[in-house]
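Chain residues, written in single-letter form:
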Amino acid sequence: MTATTNSRKKTSTKSTSVKEPTPKKEAVVETPSPVKRKYEKDDMIPVKSLFEGEVILVGRRTKQDYHMTELGEVIEVEYQDINAEIISGQSPYIYTPLILVMDEELVSAKPKLKALYESLVPIEDIHRVIEDGDIDELREMVKHMPKGQIDLTKNIVASKIAEGQLGNMRIVKNIDRLLGTDFATQLEMIA
């Protein structure tokens, strides 16, 4: 008789667990949110005239008269008066605009005002485009200007004609068509 042996090797598998290093917890440093300025009612806020001529703002709260006599003049207005104009939502001083609030922190805190100010075209650019006679660029600017800046543009054109700085009839007629004015007649009267 023949004997057969089944020899099976026993294999043992060792289960080894590899420990992965645990990530170090980083300290979470909370950065403090910017502190909003708390305005007192009598804080003075700088404002700049955007009107070519005299602007008189009568404070809604203090009834004080604030006078600006020329384009670009900067004066200070009490916070309570300027804030009353802003929150009215319809003030021509603020939303036409006839004046520009120069306090960036205050402007940033008022979304409607901030959006309006982002749409404003720098006055220097208006002057440059008129002087260059670039009607296409002026047309693009006017599309995005608030009403007050369109009126300011009309005043700038009228001043330039009166001072003899704008005398090209073709350019003036194009400006008339764009702004709905009749400066060509004014120019003809001067010539």
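Scroll up for the structure.
Q: How should the overall build of the protein be read in this particular structure?
A: Secondary structure summary: the protein contains 9 helices and 5 strands in total. Listing the helices and strands of the protein from first to last along the sequence gives β-β-β-β-α-α-β-α-α-α-α-α-α-α. Per-residue burial for the protein yields a buried fraction of 36% across its 191 residues. In the protein, the proportion of contacts linking residues at least 24 apart, taken out of those at least 6 apart, comes to 53%. In the form shown here, the protein has an accessible surface area of approximately 13,200 Å², with 51% of it arising from carbon and sulfur atoms.

Q: Quick question: what am I supposed to make of the packing of helix H5 (residues 123-132) against helix H7 (residues 147-162) here?
A: Contact pair H5 / H7: the axes reach a minimum separation of 11 Å and the direction vectors enclose 45°. The pairing of H5 with H7 is recorded here as oblique in orientation. Note that H5 runs across H7; the crossing there is right-handed. Contact residues: Ile 123, Ile 126, His 127, Ile 130 and Glu 131 in H5; Gln 149, Leu 152, Thr 153, Ile 156, Val 157 and Lys 160 in H7. Residues of the contact of H5 with H7, tallied by class, amount to 6 nonpolar, 3 polar and 2 charged.

Q: Whenever I open this one, the packing of helix H8 (residues 169-179) against helix H9 (residues 183-190) confuses me. Can you help?
A: A pair of packed helices can be characterised by two numbers: the angle between their axes and the separation between those axes. The geometry of H8 relative to H9 is characterised by a closest axis approach of 8 Å and an angle of 150° between their N-to-C directions. Classified by the interaxial angle, the pair formed by H8 and H9 is roughly antiparallel. Between H8, through Met 169, Val 172, Lys 173, Ile 175 and Asp 176, and H9, the contact on the second element is made entirely by Phe 183, Ala 184, Leu 187 and Glu 188. Taken together, the residues that form the contact of H8 with H9 break down as 6 nonpolar, no polar and 3 charged.

Q: Would you mind showing me how to read the pattern of salt bridges here?
A: Opposite charge on two side chains permits them to pair, given that their charged atoms come into close proximity. Evaluated as defined, the whole model comprises 8 salt bridges. Between Arg 60 and Glu 85 there is a salt bridge, and its shortest N-O distance comes to 2.8 Å. Of this pair, Arg 60 sits in the loop between strand E2 (55-58) and strand E3 (65-68) while Glu 85 sits in helix H1 (residues 79-88), and the two are 25 residues apart along the sequence. What makes Glu 85 buried here is its relative accessible area of 3%. Among the ionic pairs, Lys 147 bridges to Asp 151, the shortest N-O distance being 2.7 Å. In this pair, Lys 147 and Asp 151 both sit in helix H7, 4 residues apart, roughly one turn of the helix. Assessed through its relative accessible area of 57%, Lys 147 is described here as exposed. With relative accessibility at 26%, the residue Asp 151 sits in the partly exposed group. Connected via shared salt-bridge partners are Arg 37, Asp 43 and Asp 103.

Cut-offs used in this document
- Residues numbered from 1 in each chain as written.
- Predicted model: local features only at pLDDT ≥ 70, side-chain atom pairs only at ≥ 80, totals over all residues.
- Heavy atoms only, no water.
- Helix = DSSP H or I, 4+ residues; strand = E, 2+ residues; numbered from the N terminus.
- Buried < 20%, exposed > 50% of the residue type's maximum accessible area, 1.4 Å probe, protein only.
- Contact = heavy atoms within 4.5 Å.
- Areas by Shrake-Rupley, 256 points an atom, 1.4 Å probe, with all protein chains shown as cover.
- Axes fitted to C-alpha atoms, helices over the stretch in contact; angles between N-to-C directions.
- Parallel < 35°, antiparallel > 145°, perpendicular 65-115°, else oblique.
- Left-handed = near helix turned anticlockwise from the far one by under 90°.
- Nonpolar A, V, L, I, M, F, W, Y, C, P; charged D, E, K, R; others polar.
- Salt bridge = Lys/Arg side-chain N within 4 Å of Asp/Glu carboxyl O.

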